[in-house]
Amino acid sequence: MMKNMNDSKCAHREFVAEHVKQLPKSGIRRFFDLVNTMDDVISLGVGEPDFVTPWTIRETGIFSLEKGHTSYTSNLGTPALRREVCRYVEKNYHVSYNPDNECIITIGVSEALDIAMRALLNPGDEVLYTEPCFVSYPAEVRMAHGVPVPVETRFEDEFALDPEMLRAKITPKTRVLLLNFPCNPTGAVMPVDKLRKVAEIAIEHDLVVITDEIYSELLYEGEHVSIASLPGMRERTLFLHGFSKAFAMTGWRIGYACGPREIIDAMMKVHQYAIMCASTMAQEAALEALRNGEKEMARMRDSYCERRNLIVDGLNRIGLECLLPKGAFYAFPSIRSTGLDSTEFAEQLLKAERVAVVPGVAFGACGEGFVRCCYATAASEIMEALDRMGRFMESLKQQ
Amino acid sequence: MKAKILNLLAENARMSLAEIAGRVGATPEEVKAAIHSLEEEGVIRGYKVILNESDLGVSKVRALIEVKVTPRRDGGFDQVAERIARYPEVTDLYLISGGFDLLLMVEGDSLQDVASFVSAKLSTIDGVISTSTGFMLKKYKESGRIMQNDEEYERLKVCP
Ligand SMILES: Cc1ncc(COP(=O)(O)O)c(C=O)c1O
C-alpha cells in the first residue's frame, strides 16, 4: 500500500500558486462588500459610464444575433473592425497602423493589458507605472512574473508624471513603462512638454511604452496627444484603447491594441491560445460605434463635463481641496484637512451619510490622503451627495 | 448660457435652479434671471408633464387628423391654421409637406366628442377641403420618453 508522505502534516498540497497567493485582494472589492450591506447609498464609487450603450450600437448587436453571426472570428478580430479601428486611430491619434498585422481586437483593455504583459515580460523584468493608478496594473505585471515599480504622481504636479521622478526609478532591469492619461483615478492628463521628455527617456533607455488611452475621448480641455505619435515612439509603443468608457460599453467587453508587428504577433500568440477571439456580437457592435457613434459619444462627454464642474465646485466649497481634472470622469479630492486616512474617511462617510467614495489608497500607496469620486452619476445625485458630504465635514469639525 | 439652460429644461423642466446653475457654470440667481427673460421673450411658452395615462385609468380620446386646405391668396395657410388653433380641443397643430397640409392632434373625453368636433366644427371651416381622422390606440413614446417600463437593472455600486 502506498502512503503519501504529506498525509501526516496536512490534508493536501498547496493548491494555489505562490505568486497568486501573494496578490492582494483589490481594496475596491472590500469596500464593495461593505456598501452592499446598506440601503439608500448614493454611490460615487463606480468606474463606468452611467449611460446605457447608445441604441444604434445595441441595435447592431441585436441584429448581429438575428443574422446568425454566432461563430468565431479570425483571432485578430474581424477585418472590418480592424480596418475601422486603424482608421479611427489614425484620424484621432495621428499614428497609422496596418490592420492586417498591427492591430488586435481584445476583450477590453483588460485583456490587452494581460496579453501584453505576458508577451513582453521575462521573469524579473521591471515595469514602471504611475501611481495612483487603475487597480489592475501592478497585479497584471505580477501575474506575468514581472516586477511592478510605481512612480509617484503628485497633487502639486496636477498628477502628471514628472520625467525626473521617472528617470530616478529606471534600473537595468526596466523593460516597460505603462502610462494612463487621462488617468483613472486622478483625471490627470500629461502636458505635451512632459510627454516629450518621457518619450526621450523611453528612447534613451530602450523601453517599451504601453499607453492605456481608454479615457482619451473624455477630455474637457485642450487636445489629446498620444505618446505613440511623438517622434521615434511608434516603433516602441503599444497603444491600448477600447469602447468601454467613450461609448458606454463596459459590459460588452471589447477593446484593442495597436503596435509594431513584432509585439502584436507575440500578443496574438497568447490571445490565440488563451482567448481565441473577442465575442462576435461585440465586435460588430463596436464597428457600429466607430462608424456612427461619435455624435452620441460627444453628447455623453458634454454631459460629463457639466457634472465635473458641478462636483469640483461642490467639493472645494465644502472644504475638500480638489483640482479640476481635465479628463476621464473622476474627481480626486484631498481629504488631508480632515485628519483621517482615506479608508477611515470613506468608511465613516458611508456609515454616517451613506455616500460611497473609493479610498485613494486602493489605487496605490501615494493615493493615501485622497478619495476618488466618480461623477458619471446623475447630477441630482451628485448634488445630494455633496450636501451629505458637507454635513459630514461639519460633523467632523465639531468633534 | 441660454442655449445650455434650454437644453437642460428640455430634458427636465423641473430641474432645480441649483442643479442648472452647477451644470452650466453660473449662479442660481443668474439662471433664474435667464429663465425669466426667456419666458418674457416667449421662447419658453410653458411647462408640461409627460404622462403615461394608461397607468392612471384615465380614458381621454386622442386623434390625429390630416386636413387638406385651400391656401388663401393673402396669407397662405396661416389664416385657416390660426383659426383652427383656437379650438381648445386641438392640442397640437403643424403645417406639413406632402399629401395633405395640416396635421392636428385633437383631444376629447369620448369618441363622440372628437367626431362631433370634426363634423360640426373642423369640416365647416372656410378653406377646409377634406379631413382624415385616425384615433390613437396606444402610446409608445412621447416627447422622447418611452412609456414601456423596462425591468429594473442594477449596476454595481463600486467598481474599478
Ligand atoms: C485605466 C483603465 N484601463 C482599463 C480599464 C478596463 O477597461 P476595459 O473595460 O476595456 O477592460 C479601466 C476600467 O475601469 C480603466 O480605468
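No experiment lies behind these values; they were computed from the predicted model shown. (Residues numbered from 1 in each chain as written. Chains lettered and ligands numbered in written order. Predicted model: local features only at pLDDT ≥ 70, side-chain atom pairs only at ≥ 80, totals over all residues. Heavy atoms only, no water.)

Caption draft 1: Broad picture of the overall build of chain B. Broken down by element type, chain B carries five helices and six strands. Helices (α) and strands (β) of chain B occur, in sequence order from the N terminus, as α-α-α-β-α-β-β-α-β-β-β. A globule of 160 residues ought to have a C-alpha radius of gyration of about 15 Å, yet chain B, at 21 Å, is considerably larger. Taken over the C-alpha atoms alone, chain B extends approximately 65 × 40 × 25 Å along its principal axes. Counting all 160 residues of chain B, 28% fall into the buried class. Looking at chain B alone, contacts between residues at least 24 apart form 60% of all its contacts between residues at least 6 apart. About 10900 Å² of surface is accessible on chain B, with carbon and sulfur atoms providing 51% of the total. (Helix = DSSP H or I, 4+ residues; strand = E, 2+ residues; numbered from the N terminus. Rg over C-alpha atoms; globule rule 2.2 N^0.38 Å. Buried < 20%, exposed > 50% of the residue type's maximum accessible area, 1.4 Å probe, protein only. Contact = heavy atoms within 4.5 Å. Areas by Shrake-Rupley, 256 points an atom, 1.4 Å probe, with all protein chains shown as cover.)

Caption draft 2: Molecular detail of the side chain of A:H224. When you line up the elements, A:H224 lands in the loop between strand 6 (208–212) and strand 7 (237–242). With sequence-adjacent residues up to four places away left out, A:H224 is seen in contact with A:Y93, A:F181, A:P182, A:E213, A:S216 and A:L219.

Caption draft 3: Structural detail: the site of the ligand. Neighbouring the ligand are 14 residues, the closest being A:V109, A:S110, A:D212, A:S244 and A:K245. Near the ligand, the surrounding residues belong to chains A and B. In the complex, 95% of the free accessible area of the ligand, which totals 400 Å², lies under the protein chains. The leading source of residues in the shell around the ligand is helix 5 (residues 108–120) of chain A, at three residues. Broken down by class, the residue content of the shell around the ligand amounts to six nonpolar, five polar and three charged. (Near = heavy atom within 4 Å. Nonpolar A, V, L, I, M, F, W, Y, C, P; charged D, E, K, R; others polar.)

Caption draft 4: Structural context of the packing of aromatic side chains. All names here are of chain A. Evaluation of the coordinates by the stated rule reveals 17 aromatic pairs over all chains. Between F329 and Y330 the ring centres are 5.1 Å apart and the planes differ by 70°, which places this aromatic pair in the edge-to-face class. Residues F329 and Y330 agree in their burial class; the two are buried. Here the aromatic residues F51, Y215, Y304, F329 and Y330 are joined through ring pairs into a cluster of three or more. (Phe/Tyr/Trp six-rings, centres within 6.5 Å; stacked < 30°, edge-to-face > 60°.)

Caption draft 5: Here's a closer look at the interface of chain B and chain A. Facing 12 residues of chain B, the contacting portion of chain A comprises 26 residues. Summed over both partners, the interface of chain B with chain A comes to about 1600 Å²; 59% of that surface belongs to carbon and sulfur atoms. It is B:K157, B:V158 and B:P160 in chain B that bury the most area against chain A; as a group they hold 43% of the surface buried on that side. Inspection of the region where chain B meets chain A yields one salt bridge. Viewed at the interface, chain A and chain B are joined by seven residue pairs in polar contact (both at pLDDT 80 or more). (Buried area = accessible area lost by both parts, 1.4 Å probe. Salt bridge = Lys/Arg side-chain N within 4 Å of Asp/Glu carboxyl O. Polar contact = N/O pair within 3.5 Å; in protein donor to acceptor, adjacent residues only side chain to side chain.)

Caption draft 6: Focus on the environment of A:P333. All names here are of chain A. You can see P333 is positioned in the loop between strand 9 (330–331) and helix 12 (342–353). Judged by relative accessible area, P333 falls into the buried class, the value being 0%. Counting along the chain gives 91 residues from P333 to G242, while the straight-line C-alpha distance between them is 27 Å. Dropping the residues within four chain positions of it, P333 is found in contact with L315, L320, E321, C322, G369, F370, V371 and C373.

Caption draft 7: Geometry of helix 13 (residues 379–398) of chain A. If you check helix 13 of chain A, its first and last C-alpha atoms are 29 Å apart, about what 20 residues at 1.5 Å a residue would give, namely 28 Å. The elements touched by buried residues of helix 13 of chain A are strand 1 (42–43), helix 11 (294–317), helix 12, strand 10 (355–356) and strand 12 (371–374) of chain A together with helix 2 (17–24) of chain B. (Expected span 1.5 Å × (residues − 1).)

Caption draft 8: Broad picture of the sheet that holds strand 1 (residues 61–69) of chain B. Residue and element names in this part refer to chain B. Read across the open sheet, the four strands follow the order 2-3-1-4; overall the sheet is antiparallel. Each edge of the open sheet carries a strand with a single partner, namely strand 2 (90–95) and strand 4 (128–135). The sheet shows a mean angle of 20° between the axes of neighbouring strands, taken without regard to direction. Pairing between strand 1 and strand 4: seven bridges, direction antiparallel. By the bridge assignment, V69 is partnered in strand 4 with V128. Packed on one face of the sheet, helix 4 (residues 78–85) meets strand 1, strand 2, strand 3 (102–108) and strand 4 and runs near 165° to strand 2. Contacts between helix 5 (residues 111–121) and the sheet are confined to strand 1, strand 2, strand 3 and strand 4, with strand 3 contributing the most and set at about 140° to the helix. (Pairing = 2+ DSSP bridges. Axes fitted to C-alpha atoms, helices over the stretch in contact; angles between N-to-C directions.)

Caption draft 9: Representation of the environment of A:I227 within the structure. Residues and elements named next belong to chain A. Considering the arrangement of structural elements, one finds I227 in the loop between strand 6 and strand 7. For I227, a relative accessible area of 1% puts it in the buried group. Along the primary structure I227 and L320 are separated by 93 residues, whereas in three dimensions their C-alpha atoms are 33 Å apart. The contacts of I227, once residues within four sequence positions are left out, are L179, L195, V198, A199, V209, T211, E213, M233 and T237.

Caption draft 10: Inspection of the sheet that holds strand 3 (residues 126–131) of chain A at higher detail. Residues and elements named next belong to chain A. In spatial order, the strands read 2-8-7-6-5-3-4; together these seven strands make up an open sheet with mixed pairing. The open sheet has two free edges, formed respectively by strand 2 (103–106) and strand 4 (147–152), since each of these has just one partner strand. Averaged over neighbouring strand pairs, the angle between their axes works out to 20° when direction is ignored. Note that strand 5 (residues 174–179) and strand 6 share four bridges and pair parallel. By the bridge assignment for strand 6, V176 is matched with V208.

Caption draft 11: Summary view of the domain arrangement of chain A. All names here are of chain A. Split by domain assignment, chain A resolves into domain 1 (18–52 + 296–398) and domain 2 (55–292). When each unit is reduced to the centre of its C-alpha atoms, the spacing between domain 1 and domain 2 is 25 Å. The partner domain 2 presents 34 residues to the 35 residues of domain 1 that form the contact. Across the domain 1 to domain 2 interface the summed buried area is about 3100 Å²; carbon plus sulfur atoms make up 69%. On the domain 1 side of the contact with domain 2, M297, L323 and K326 bury the most area, a combined 21% of that side's loss. Counting across the domain 1 and domain 2 interface gives two salt bridges. Looking at side-chain class alone, the side of domain 1 that touches domain 2 contains 23 nonpolar, six polar and six charged residues. (Domains from an automatic or database assignment.)

Caption draft 12: Local environment of the pattern of salt bridges. Residues and elements named next belong to chain A. Under the counting rule described, the total for this entry stands at 36 salt bridges over all chains. When the shortest N-O distance is used, the salt bridge between D162 and R154 registers 3.5 Å. With a relative accessible area of 18%, D162 lands in the buried category. For R154, a relative accessible area of 26% gives the class partly exposed. Across the salt bridge formed by K326 and E158, the nearest N and O atoms sit 3.3 Å from each other. Placement of the pair is K326 in the loop between helix 11 and strand 9 and E158 in the loop between strand 4 and helix 7 (163–168), with a sequence separation of 168 residues. With relative accessibility at 42%, the residue E158 sits in the partly exposed group.

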